[in-house]
Number of protein chains: 2
Amino acid sequence: MKFTVSRSIGTQQRLSRKIITQDKSIALVPTMGFLHQGHLSLIRRGLRKADIVVTSIFVNPAQFAPHEDFNQYPRDHKSDLQKIRSAGGQIVFMPKASDIYPVDYETYVTVENMTGALEGKSRPTHFRGVTTIVAQLFNIIRPDFALFGMKDYQQAMVLKKMCSDLNWPIKMIIVPTLREKDGLAMSSRNKYLSPLLRAEAPALYQSLLAARQSARRGETGAAAIRRQMKRLIDKAAPSGKIDYIAFTEMESLIPVRRVDKNTVVSLAVKLGPIRLIDNLKIA
Amino acid sequence: MKFTVSRSIGTQQRLSRKIITQDKSIALVPTMGFLHQGHLSLIRRGLRKADIVVTSIFVNPAQFAPHEDFNQYPRDHKSDLQKIRSAGGQIVFMPKASDIYPVDYETYVTVENMTGALEGKSRPTHFRGVTTIVAQLFNIIRPDFALFGMKDYQQAMVLKKMCSDLNWPIKMIIVPTLREKDGLAMSSRNKYLSPLLRAEAPALYQSLLAARQSARRGETGAAAIRRQMKRLIDKAAPSGKIDYIAFTEMESLIPVRRVDKNTVVSLAVKLGPIRLIDNLKIA
């Protein structure tokens, strides 16, 4: 299929209908653009599952609070299109904000219980924005598969729950986090780290690895592991302010006191003005 | 196509996928069962638009408040299936409540502004239940058309807004209300009216007709027309308790003081234990 950029909802709906009636499958990779290798790994994984990969690029205003970095969020559409094309993605959907959220817009999708803790605590309206835009993308693009990065762990689980509760016939695929050589999880926001903060940033992943090592050595108490992680971060990233270090059941996000094979450790740390998140399955 | 009853979400999803990949169109008629001629007119209209009509039968617990008539809502599946078959409907989707709302269910769709007034005022959680079940039906059945009766005017407009805001590729068709010979709007709940209340029930439609006549004669004040309707109902239905008489802009449900061609008059009246609703375009 010829590389295609669709910029209107109607165009994308017609494209998707054509693909579906040809009995071809679609994989969706939703992004906010400024693509890195993590995104491209989602596209490549999508191409192994489906005939056509649709990558959406949309910096979604509904998932940013007024004080957050919507306007500063990095954008580079020209480079994004080249990267998607090189990775083999066939369609890029780039809608206008005024088409996704017209002035009289008033419909929202909410996943109630899973969105209160972790990221949702610091960002109370964030997930409603995420679930609403992804619901729109599901309806416009009508994929058979949707791919999300494990880097945004809570987001991935919330969207999986939304998809299952509302019964879209879509298989959700959660793809492992890609990391820089020093372990820092790839993220579009990393480019805003000053050299000093960039040097401290690998402390997040180091603390996760330390947590896993403790668990593997037999430590099961979440509180003890958390203390150890905190010490490590305080030492290796003195600029860091820990927002949370959480131990939760993989799919349900229910907090646990005793860690086991199904436990995910996740954390958010503010390094100067940049808030970073990361997570690791502990077993 | 052979008349088919699908009782599980997976079965219906496979059926729909098969129809879609054959490039055939689907019309959805969502019902709570206990079908009357109004429902059958939706099915017949659906058959004129699409290759396959899927009628869903599901008494949706999420749209009833705890004190409302969920358990008393009339059910007659055997007769429903016969009626759908006679009308030409090919597929009936009858899911179990525990499949639609499993114990850990937590995802809801809300249309915010349009749901506060009229029915939403008396039934604050009602529309969240309606929009959530219809979102599920849209995703499971994947129709090209969805048909709703104008009798539930606010519901029809809220669902139209939901469909448009969340960008399902579905055309919403609102079908005129069918009425008994004396003008009473057909409704599954009518069967619970005692003979006395049944005799008073046509007062609702008579008051709507009177409102239209006044408007056509040049009266444009909503307050004056409301007073006239109230007098008529008080006289012709002495058991009636008026919940609301509202004048609103057709699509937006915004209240108007001056009526024009785009105004809908809607009302809810409690006749003994039975709450009846009706509406009419005024021009």
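Anyway, here's the lowdown on the structure attached to this text. Source: prediction; values computed, not measured. (Residues numbered from 1 in each chain as written. Chains lettered and ligands numbered in written order. Predicted model: local features only at pLDDT ≥ 70, side-chain atom pairs only at ≥ 80, totals over all residues.)

1. Digging into the overall build of chain A
Part 1 of the argument: Helix and strand counts for chain A come out as 10 helices and 10 strands.
Part 2 of the argument: On C-alpha atoms alone, chain A measures out to a radius of gyration of 19 Å, which is about the 19 Å that the 2.2 N^0.38 rule sets for 283 residues.
Part 3 of the argument: If you line up chain A on its principal axes, its C-alpha atoms span 55 × 40 × 40 Å.
Part 4 of the argument: Within chain A, contacts between residues separated by at least 24 positions form 71% of all contacts whose residues are at least 6 apart in sequence. (Helix = DSSP H or I, 4+ residues; strand = E, 2+ residues; numbered from the N terminus. Rg over C-alpha atoms; globule rule 2.2 N^0.38 Å. Contact = placed C-beta atoms within 7 Å.)

2. Quick look at the packing of helix α9 (residues 203–216) of chain A against helix α10 (residues 222–236) of chain A
All names here are of chain A.
Part 1 of the argument: Between α9 and α10, the least distance of the axes is 9 Å, while the angle of their chain directions is 150°. Looking at the two axes, α9 sits roughly antiparallel to α10. α10 is crossed by α9, and the crossing has right-handed handedness. In contact with A203, Q206, S207, A210, A211, S214 and A215 of α9, α10 contributes I225, Q228, M229, L232, I233 and A236. (Axes fitted to C-alpha atoms, helices over the stretch in contact; angles between N-to-C directions. Parallel < 35°, antiparallel > 145°, perpendicular 65-115°, else oblique. Left-handed = near helix turned anticlockwise from the far one by under 90°.)

3. With respect to unusual backbone geometry
Residues and elements named next belong to chain A.
Part 1 of the argument: Backbone geometry places D23, a non-glycine residue, at a positive phi of 60°.
Part 2 of the argument: Within the secondary structure, D23 is located in the loop between α1 (9–21) and β2 (26–31).
Part 3 of the argument: Among the residues examined, D23 registers 12 C-beta atoms within 10 Å and is labelled exposed.
Part 4 of the argument: Not every positive phi belongs to a glycine, and F34 is a case in point at roughly 50°.
Part 5 of the argument: For F34, the position within the fold is in the loop between β2 and α2 (37–49). (Buried ≥ 20, exposed ≤ 12 C-beta atoms within 10 Å, placed from the backbone.)

4. Comments concerning the sheet that holds strand β3 (residues 52–57) of chain B
All names here are of chain B.
Part 1 of the argument: Overall, parallel pairing links the 6 strands, which are arranged β1-β4-β3-β2-β6-β7 in an open sheet. Of all strands in the sheet, those bounded by a partner on one side alone are β1 (4–6) and β7 (171–175). With direction set aside, neighbouring strand axes in the sheet form an average angle of 25°.
Part 2 of the argument: Here strand β2 (residues 26–31) runs beside β3; their pairing, made up of 6 bridges, is parallel. Looking at β3, one finds that L28 is bridged to V54.
Part 3 of the argument: This element, helix α6 (residues 126–141), spans β2, β3 and β4 (91–93) of the sheet and lies at about 150° to β2. (Pairing = 2+ DSSP bridges.)

5. Digging into the relation of the copies chain B and chain A
Part 1 of the argument: Superposition record for chain B on chain A: RMSD 0.0 Å, screw rotation 180°, translation along axis 0.0 Å. The transformation just described matches what one would write down for a two-fold rotation axis.
Part 2 of the argument: When the interface residues of chain B are mapped onto chain A, 100% of them are again interface residues, pointing to one common binding face. (Least-squares fit on C-alpha atoms with pLDDT ≥ 70 in both.)

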